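Below, each chain spelled out in residue letters.
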Amino acid sequence: MRLRQLEYFLAVWESGSFSAAAARLYVSQPSLSQQIRLLEKELGAVLLERGRHGLALTPAGRVFLPQAQRVLRATEEAAEAVQQVVEGRSGDVHVLTVRSVASGILPPSAVRWHALFPTAVLRVHDFSHRRALEDAVRSGQGDIAVGPRPDPWDGPVVSLGYEEMVLVGPARRDAGSSVGPEELAAADWILYEPEQGMSEIADRIATSLGFTPRAVARTGQVTAALLFAMEGLGVALVPNNVVPGGWIQHTRRIGPGAYREIVAYSRSAPTQLAQRYRDLLVTLELPLTGAGDLPAGALRC
């Protein structure tokens with residue numbers, strides 16, 4: 001049974017004759033009649049009968065009519081749903097990211113996205129390490145990724161800016177003050193487990209500044225490291241965008257400043273809806289620093 005046969009059957013019934021239905025569908029009457037006969041043969045029942053007063057539905061036809069209408073209506077609705085996604089009017093956007101970016105950078109974009117596209121659901125899937133994120137994108141998961149720049153990468157990549165890594169501790173400091181290698185080497189550190197991507201950032205900074213951090217605790221969560229530091233256990237390295245406003249005086253710049261680039265990327269050209277989300281990220285004022293605003297000598301990690 002083919003959709004075309006259902007369409008022909010409904011056209012004949014709605015038009016009242018085979019000739020009128022053929023003209024409506026721009027097909028020849030013999031071709032239309034043949035398709036109806038094939039449909040009836042497959043069903044094992046006559047659906048339409050001709051009489052002196054025109055066409056009439058047989059008992060089998062009366063049962064078949066609402067089912068055929070339902071199938072064609074569902075087909076039309078399915079095609080319209082797909083068209084809405086193709087044209088960027090509806091659908092879900094699956095965004096892959098790392099946990100710190102999910103909580104520290106993406107929330108403003110989610111609010112703005114809902115205001116612009118209330119029927120398009122933003123689905124955010126977060127990973128603990130950038131390598132897990134990159135593997136997920138390579139395997140075809142998600143529509144777009146937002147996270148540290150992957151290297152190398154063959155697909156499209158758009159830079160969104162740089163997030164600063166800061167040192168958090170229990171003592172209050174002057175806004176904008178920095179900490180050098182000697183103080184960093186002497187401090188007690190709340191470090192990250194290897195599966196947490198921030199562990200890689202801490203290692204890069206320590207190598208660049210020539211010191212070895214002394215661990216007093218390790219955790220797999222940025223939020224936990226931040227809270228441990230505020231409780232006085234030691235110091236922790238965190239992205240500045242996850243630090244609550246009331247705690248900003250407990251942060252210090254690391255050397256001339258340590259920054260990680262954040263980009264939007266995908267395996268291939270994103271769908272129209274995903275591209276609209278990427279364009280939104282580019283135009284929004286995110287808690288990131290532009291490349292031209294990085295301080296002289298800034299560490300890029």
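Before going into details, it helps to say that this report is about the structure given with it.

Parameters and conventions
- Residues numbered from 1 in each chain as written.
- Predicted model: local features only at pLDDT ≥ 70, side-chain atom pairs only at ≥ 80, totals over all residues.
- Heavy atoms only, no water.
- Phe/Tyr/Trp six-rings, centres within 6.5 Å; stacked < 30°, edge-to-face > 60°.
- Buried < 20%, exposed > 50% of the residue type's maximum accessible area, 1.4 Å probe, protein only.
- Helix = DSSP H or I, 4+ residues; strand = E, 2+ residues; numbered from the N terminus.
- Contact = heavy atoms within 4.5 Å.
- Pairing = 2+ DSSP bridges.

### A few points about the packing of aromatic side chains
Under the definition given, this model contains five aromatic pairs. Ring centres of tryptophan 113 and phenylalanine 117 lie 4.5 Å apart, and the angle between their planes is 40°; this geometry places the pair in the tilted category. Just as tryptophan 113 is buried, phenylalanine 117 falls in that class too. Between tryptophan 153 and tyrosine 265, the ring centres sit 4.9 Å apart and the planes meet at 75°, which makes this aromatic pair edge-to-face. With tryptophan 153 in the loop between β5 (144–148) and β6 (157–168) and tyrosine 265 in strand β11 (residues 251–265), this pair connects stretches of sequence that are 112 residues apart. With respect to burial, tryptophan 153 and tyrosine 265 carry one shared label: buried. In this structure an aromatic cluster arises from ring pairing among Trp113, Phe117 and Tyr277.

### Here we look at the side chain of glutamate 134
One can find glutamate 134 in helix α7 (residues 130–138). Glutamate 134 gets classed as buried once you look at its relative accessible area, which sits at 5%. Residues in contact with glutamate 134, not counting those within four places in the same chain, are Pro150, Trp153 and Tyr265.

### Comments concerning the pairing of strand β8 (residues 188–192)
Most of β8 is tucked away: four of the five residues are buried. Of the strand pairs in this sheet, β8 and strand β9 (residues 214–219) are connected by five bridges, and their pairing is parallel. By the bridge assignment for β9, aspartate 188 is matched with arginine 214. With two bridges joining them, β8 and strand β10 (residues 235–239) adopt parallel strand pairing. Looking across to β10, one finds that tryptophan 189 is bridged to valine 235.

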